[in-house]
Amino acid sequence: AFPIVVIVGRPNVGKSSLFNMLAGRRISIVDPTAGVTRDRISTILEAEGRHFELIDTGGMGILDVDNLTEDVERQIRVAIEMAAVVLFVVDIREGAAPLDQVVAERLRVIGKPVIFVANKADEMTHDTAVSDLFRLGYGEPVMVSANSKRGKDELVFKILDAL
Ligand code: GDP
Ligand code: MG
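The protein chain is annotated in an unreviewed UniProt entry as GTPase Der from Limnoglobus roseus.

Dropping the structure here:
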């Protein structure tokens, strides 16, 4: 079995989009409605001659807005059980949301390497919003845009480094 990389983050930050961007094809379901992902979705990726399994766990069917914390708790349980490395994904355009704080605190104590990823950094102008994200306590995020593929290589190298 290959080491497992689990994508964690509150609904709608672009976890499934990031999964598809890294996979290089559309596997996971992306939906503008918060919390739409069917089941746990995984794919094997190869980079620099090394392999890892990437898992998108976000959301089972359409989530009740009251159950968003429950959804991230479920993702974190998967991370605790399976992950060699965790990708903690946030939306740079929204900054540090209360549910991001919950995820940040839960991930801090699981004893696994966490790569902090700021998605939706479609344009360099978004990068100025990064200071708000420091409040989550994970330092400088990797800036990516799942839509434009910005940051893909940097993120893959960070994953390989952390494995
Ligand atoms: P998830 O709930 O975390 O899995 O998020 P999704 O991948 O389903 O994406 C939620 C919404 O954000 C969708 O409307 C996506 O098209 C949008 N989105 C995802 N990545 C990006 C990005 O890099 N830039 C922009 N502008 N929108 C994105
Ligand atoms: Mg999703």
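Moving on, there is more to tell.
Caption draft 1: Here's a closer look at helix α1 (residues 15-23). The buried count for α1 comes to 8 of 9 residues, which makes it a mostly enclosed element. Looking only at α1, the buried set comprises Lys15, Ser16, Ser17, Leu18, Phe19, Asn20, Met21 and Leu22. Once α1 ends, the next one or two residues include glycine 24, with phi positive near 75°.

Caption draft 2: Just the pairing of strand β1 (residues 4-8), in detail. In terms of burial, β1 is largely enclosed, as 4 of its 5 residues are buried. When β1 meets strand β3 (residues 50-56), the two strands line up parallel, connected through 4 bridges. Looking across to β3, one finds that valine 5 is bridged to leucine 54. Here 4 bridges tie β1 to strand β4 (residues 85-91), and the two strands are oriented parallel to one another. Among the inter-strand pairings, valine 5 is bridged to a residue of β4, identified as valine 85.

The rules we used
- Residues numbered from 1 in each chain as written.
- Chains lettered and ligands numbered in written order.
- Predicted model: local features only at pLDDT ≥ 70, side-chain atom pairs only at ≥ 80, totals over all residues.
- Buried ≥ 20, exposed ≤ 12 C-beta atoms within 10 Å, placed from the backbone.
- Helix = DSSP H or I, 4+ residues; strand = E, 2+ residues; numbered from the N terminus.
- Pairing = 2+ DSSP bridges.

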